[in-house]
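# Survey of secondary and tertiary structure
Each chain, letter by letter, is given below.
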Amino acid sequence: RMPPVILPDVKSNRAPTIVGPDKVEVEEGKVANIVIPITDPDNDDIKQPVLVEGARFAKIIAPTQTAASRAYILQLSPGLSDARKDPYLLTITA
């Protein structure tokens, strides 16, 4: 006779939620710091690095944190050579 098979509960892992503005305008030579809240719907710690792509003048600054919610800073500091007519599309991943 076979013993019963007990399977552990499978925990779903939903992706973090990243909230940012739809549009930001920054003048050449100026710096804009935008708060980007990132939360985990499963209340897991956000351990992977947060990255920004799409413009060399954009960077992520270390978060302030409370458990599974962190407020990162997206810093934009375009120089004179960064001006253009078409908008930049920035992608933030966590």
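Just above, that's the structure.
Residues numbered from 1 in each chain as written. Predicted model: local features only at pLDDT ≥ 70, side-chain atom pairs only at ≥ 80, totals over all residues. Heavy atoms only, no water.

### A few points about the layout of surface pockets
- Its volume calculated, the largest pocket comes out at about 760 Å³.
- Lining the largest pocket are 26 residues, and of these Val 24, Glu 25, Leu 76, Tyr 88 and Leu 90 sit closest to its centre.
- Sorting the residues of the lining of the largest pocket by element identifies β2 (32-39) and β5 (69-76) as the ones contributing at least two each. (1 Å grid on protein atoms, 1.4 Å probe; cavity = no way out; pocket = protein on both sides within 12 Å on 5 of 7 lines; lining within 4 Å. Points joined across faces, edges and corners; volume = space filled by probe spheres on them. Helix = DSSP H or I, 4+ residues; strand = E, 2+ residues; numbered from the N terminus.)

### Points about the nonpolar core
- Formed by 14 residues in total, the largest nonpolar core has its most connected members in Ile 34, Ile 36, Ile 38, Ala 58, Leu 74, Leu 76 and Ile 92.
- Taken together, the elements giving at least two residues each to this core come down to β2 and β5.
- The dominant element in this core, judged by the number of residues it contributes, is β2, at 4 residues.
- Setting aside chain neighbours within four positions, we find Ala 58 in contact with Val 52, Leu 74, Gln 75, Leu 76 and Leu 90. (Core = buried A, V, L, I, M, F, W, Y, C linked by side-chain atoms within 4.5 Å. Buried < 20%, exposed > 50% of the residue type's maximum accessible area, 1.4 Å probe, protein only. Contact = heavy atoms within 4.5 Å.)

Any functional reading would require information beyond the geometric quantities listed.
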